[in-house]
Structure formats: C-alpha cells, structure tokens
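Remarks on the overall topology
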Amino acid sequence: MSVAVGGDERRRRWQEVGRRVLSRSKTMSGPNFTLTSKRDLEFMAELYDHYFFAGQCLKLARHHGMQFRWSKRMTSAGGKTVRMTYQDQKTQKQSIRYEIVLSATLLFQTFSDLKRPIRVTGSLCKNRLQAMQRILEHELIHLVEMLVWQDSCCAAPRFQTIANRLFAHTEHTHDLITQRERAAQKFNVRVGSRVAFQHQGATYRGLVNRITRRATVLVSDPGGQLYDDGQRYRKYYVPVSHLRPAIGA
Ligand SMILES: [Zn+2]
C-alpha cells in the first residue's frame, strides 16, 4: 500500500504537506496556528494519503466510513485511531467505521507559555504544524494496520518497522506539554499540593487529587464521600489557573 522514500524526498513531501495545509486553510494562520478545524485535519490526511500511500489508504477507509475530529478532552494521548463495528439489527450485517482524533488540548498548550524542546515520534518539532504532522503520521499507520490486520499496536515491532521505514519515526511517544506539567511549572500546583480556591464567593482549601483538564480538589466536608483515609471529602473540579498554593489544611 505504501512506498518508502529516501530522506530528502521525504522531507520535501513533509514540507509540501505543511505548506499546502496552511495555504488552503481558512482557520490556520501559520505554523503556530491558534485555530484549526476538522477540515484542516482531514485535508492534511488526504495529502498524506496522496504523497505517502498512493491514494489507497483513505480510499479503502472511506469505503467503510472514515471521520476526523479534534478532541478537547484528550489530555495525555496526542491522538487516537478507533475502529468501530456496528451490526445491523435486521440484516445482521456488520459494518465498520474508522475515526482519527487528535488532541487539541495538548497541541495548543504546547508551543505556548512554557518553552522547552518538544519531541514527537522521536523528532524535534519547532511548531504546532510539525507536531500535528508527526501525530497524524502515527495515527495513519494505526489506520493502515487496522485496515490490513484489524488490530494495531504501536508498542509492537510491526508498527515500529512501518513507522520508521515510512516516516523515519524512532519513537512511538510524544512529550507534548500536559496540564500536569503546566500546573507544576506555571502555578506550582502538583498532585498532593494543598491549595485554596474561590467557589460561589467562599474560599475553600483542599488537596489536589488529580490533574487532567482541570484539577480535582478534595475538600474536607462532613457531608462528603468517605475516603480510604477515614475522612469525608467533597470533590471540586477547578481550572488549575484558579488554584493558589495554600499553607495548612
Ligand atoms: Zn499509537
């Protein structure tokens, strides 16, 4: 389905994909775009299909059903590829749909206020466009594997061989900036931190239990839920920027 190309030719095609996405997009203003759309993501995938898969990958996927989406809720994975099967109640016929989702949250909080080198799939990325390309390349290999073998695992040698041959990927991970890192660096808030925050005009104090898109703060409360330390707490979901480190409980 794919033909591997040499380093110079691959770089040329990468640049061509990036250039064409930016010039066609109605939302992306440059390599560190602050806005993008489903259509931009889909167009980028179409260009990859054209330049790297001879137009065969999306054709096959669309024969079943293929959609692209940005997610605000994905806070650790940079992207995901899903194969969904449906069974028609009447005919018992099974149909398959594929979906590629990229994390808008991770992409937009990287190349922002915290500055450090960012690696995705083993290569240093200078901007959001490059990171988006590396993540999409990774997901497209998941898609190809699913189309051919139904299952796909990026920790397995088969995936990594394809990813390396086709896109020169040396890793199957990213180190995009997570909420947890941002909370620690920018607001000095970590899991286990004692914090204070305002809620409906009152000040609450509690303990940070978890950080995803928001921080989960446990506040001591006799009417709350019983936890394994024998205390009762009520849970609050607070944007990290609304927390202040607190002294004492
Ligand atoms: Zn993966």
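Residues numbered from 1 in each chain as written. Predicted model: local features only at pLDDT ≥ 70, side-chain atom pairs only at ≥ 80, totals over all residues.

1. Here's the deal with the overall build of the chain
Counting its regular elements, the chain contains seven helices and ten strands. In terms of overall dimensions, the chain has C-alpha extents of about 60 × 50 × 35 Å along its principal axes. When contacts within the chain are restricted to residue pairs at least 6 apart in sequence, long-range pairs at least 24 apart make up 57% of them. (Helix = DSSP H or I, 4+ residues; strand = E, 2+ residues; numbered from the N terminus. Contact = placed C-beta atoms within 7 Å.)

2. What about the packing of helix α2 (residues 38-52) against helix α5 (residues 128-149)?
Look at α2 against α5: their axes get within 11 Å of each other, and the N-to-C directions meet at 65 degrees. Remark: the crossing between α2 and α5 carries right-handed chirality. Judged by residue contacts, Met 44, Ala 45 and Tyr 48 of α2 engage Leu 136, Glu 137 and Leu 140 from α5. (Axes fitted to C-alpha atoms, helices over the stretch in contact; angles between N-to-C directions. Left-handed = near helix turned anticlockwise from the far one by under 90°.)

3. Examining the sheet that holds strand β6 (residues 194-199)
Hydrogen bonds between backbone groups are what pair the strands of a sheet, and the pairing can be parallel or antiparallel. Overall, antiparallel pairing links the five strands, which are arranged β9-β8-β7-β6-β10 in an open sheet. On the outer flanks of this sheet lie β9 (232-238) and β10 (244-245), each paired with one strand and no other. For β6 and strand β7 (residues 202-211), the ladder comprises six bridges, and the chain directions are antiparallel. Bridge pairing links Phe 197 to Tyr 204 in β7. (Pairing = 2+ DSSP bridges.)

4. Looking at helix α6 (residues 157-167)
For α6, every residue scored as buried is listed here: Ala 163, Leu 166 and Phe 167. When α6 is viewed along its axis, its buried side chains cluster within an angular range of 85 degrees and face the same direction. α6 presents Pro 157 and Thr 161 as exposed residues on the side facing more than 90 degrees away from its buried surface. Where α6 is buried, its residues meet α2 and α5. Trailing α6 by a residue or two, Ala 168 shows a phi angle of about 60 degrees, which is positive. (Buried ≥ 20, exposed ≤ 12 C-beta atoms within 10 Å, placed from the backbone. Arc of directions from axis to C-beta.)

5. Some words on unusual backbone geometry
When glycine is set aside, most residues are seen to have a negative phi, and most peptide bonds are trans. Notably, Thr 121 is not glycine yet its phi reads approximately 50 degrees, a positive angle. With respect to the secondary-structure elements, Thr 121 resides in the loop between β4 (118-120) and β5 (123-125). Positive phi, close to 45 degrees, is recorded for Gln 200, a residue that is not glycine. Position of Gln 200 among the secondary structure elements: in the loop between β6 and β7.

6. Comments concerning the domain arrangement of the chain
Splitting the chain by domain gives domain 1 (7-177) and domain 2 (182-245). Every contact between the two is made by seven residues of domain 1 and, on the other side, five residues of domain 2. For the side of domain 1 that touches domain 2, the per-class residue count stands at two nonpolar, three polar and two charged. (Domains from an automatic or database assignment. Nonpolar A, V, L, I, M, F, W, Y, C, P; charged D, E, K, R; others polar.)

7. Digging into the nonpolar core
In terms of nonpolar packing, the biggest core is built from 39 residues, with Met 44, Ala 45, Tyr 48, Ala 131, Leu 136, Leu 140 and Leu 143 touching the most fellow members. Of all the elements in the fold, those that place two or more residues in this core are α1 (7-24), α2, α3 (56-64), β3 (94-103), α4 (104-109), β4, α5 and α6. Residue contributions to this core peak at ten residues, all from α5. Sequence-distant contacts of Leu 136, defined by excluding residues within four places in its chain, comprise Met 44, Ala 45, Tyr 48, Gly 79 and Leu 102. (Core = buried A, V, L, I, M, F, W, Y, C linked by C-beta atoms within 7 Å.)

8. A few points about the sheet that holds strand β2 (residues 79-87)
Within the open sheet, the three strands sit side by side as β1-β3-β2. Their pairing is mixed. Looking at the sheet topology across the chains shown, the edges are occupied by β1 (66-71) and β2. Here the average twist between neighbouring strands, direction ignored, is 25 degrees. With nine bridges connecting them, β2 and β3 associate as antiparallel partners. In the strand pairing of β3, Tyr 86 is matched with Ser 95.

9. Some points on the pairing of strand β8 (residues 215-226)
Direction of pairing for β7 relative to β8: antiparallel, over a ladder of four bridges. Opposite Arg 210, over in β8, you have Thr 216 as the bridge partner. A loop of three residues connects β7 with β8, the two strands running antiparallel in sequence. When β8 meets β9, the two strands line up antiparallel, connected through eight bridges. Paired with Leu 218 across the bridge in β9 is Lys 235. Turn length for the β8-β9 hairpin, with the two strands adjacent in sequence and antiparallel, is five residues, and the turn residue Gly 230 shows positive phi of about 85 degrees.

10. Concerning the environment of Thr 85
Summarising the element assignment, Thr 85 is placed in strand β2. Sequence separation of Thr 85 and Ile 96 is eleven residues, and the distance between their C-alpha atoms is 4.4 Å. Look past the residues within four positions of Thr 85 in its chain and what remains in contact with it is Gln 94 and Ile 96.

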